[in-house]
Every structure is written in structure tokens, then in C-alpha cells.
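Residues per chain, in single letters:
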Amino acid sequence: MSFRDLLDLKGPIYLERMYEPEENSLYIIVNFTTTLEEESVFMMDHEIRASPVVPDSSKQIHIFFPSYISYVTTNEAYSYMQGNEIYEGDTFRIHQHSRFRDFVKLQTFAEGMFPEKEYIHYQIPCLNHIIDVISFEEPEITKCGID
């Protein structure tokens, strides 16, 4: 399975864990979510009815980058999309143009070091974090509990 196969998946995801198993590699585990029954919450004497969305650890995607050029994790509360971002996908994305790609081009010598290779900007916009990874290599994908 390739990351491109994930572009068709829909639904909110939640970052379970992210770590570097070896130097300059990255392992990401995301859970799909499930919606619980509607419940009432009282705030300032007002009843609010909502259906909580919670992580479902029985439905996971494991994403392993054997190497990367750069990655950043952003608190989703402070993240916004620029109008000039061009990408494919929804729950999982591949960016053709982004401010993060521009940053990596300006702040690294990756292009000059490997001019024959093209790096790719992968984005995993979770409910609790936004993860952006730029790598020359396609990540390895494992689905757990998902058809």
C-alpha cells in the first residue's frame, strides 16, 4: 500500500503516537474516530447537545518514513491553510505547493544535494495535531482493522 492509496480515505483521524525509531526515521500511528451517542452538557445555564468524536484504536494507520528531510508537528488550534496551498486528498494529503515546501527549499540544501530527486510534502491533518513531512522516500503504510 502506498501513501497515495490513503488519499481516498475520509473521516477524522487522531494522532495516537509519533516517534523516531532510529535516527532520521519517523513512525506515526493515527486512529480513525468513532462518534458516541449524543449527550447534553450544560454551560453557563445553557444546554448544549453534542455527539463526541473519540479515537478508535481498533482502526489504525501506521506510517513509517525510513528517512525524511524535515517534519513539523503543529497544534491544530494554531494551524490554518493558506489560499495558495495546492494538494490532493482530504484526510491524508500530498502537497504540490505549500509554505512548508517553500520553507524546506529555502532552509535546506536537499535540492542541491540530490538534484535528480524530487521530494514530496506529505500532510496528516489530525484532530489533535497537524503533521507535515517532507521526504525523498515514500513512506511504508500498514492498515490495522481497516478494510
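Remember, predicted model here, so these are calculated numbers, not experimental data. (Residues numbered from 1 in each chain as written. Predicted model: local features only at pLDDT ≥ 70, side-chain atom pairs only at ≥ 80, totals over all residues. Heavy atoms only, no water.)

A closer look at the overall build of the protein
- Tallying secondary structure elements over the protein gives 3 helices and 11 strands in all.
- Reported as C-alpha extents along the three principal axes, the dimensions of the protein are approximately 60 × 35 × 25 Å.
- With 147 residues in all, the protein has 34% of them scored as buried.
- In the protein, the share of contacts with a sequence separation of at least 24, taken over all contacts with a separation of at least 6, comes to 62%.
- Here the protein displays about 9,000 Å² of accessible surface, and carbon together with sulfur accounts for 50% of that area. (Helix = DSSP H or I, 4+ residues; strand = E, 2+ residues; numbered from the N terminus. Buried < 20%, exposed > 50% of the residue type's maximum accessible area, 1.4 Å probe, protein only. Contact = heavy atoms within 4.5 Å. Areas by Shrake-Rupley, 256 points an atom, 1.4 Å probe, with all protein chains shown as cover.)

Some thoughts on the sheet that holds strand β2 (residues 26-35)
- If you trace the 4 strands from one edge of the open sheet to the other, you get β1-β2-β5-β11, paired in antiparallel fashion. At either end of the open sheet lies a strand with only one pairing partner, and these are β1 (13-19) and β11 (140-144). Strand-to-strand, the axes of this sheet are offset by a mean angle of 25 degrees, without reference to chain direction.
- In terms of strand pairing, strand β5 (residues 53-65) meets β11 through 5 bridges, oriented antiparallel. Note on β11: the bridge partner recorded for F64 is E140. (Pairing = 2+ DSSP bridges. Axes fitted to C-alpha atoms, helices over the stretch in contact; angles between N-to-C directions.)

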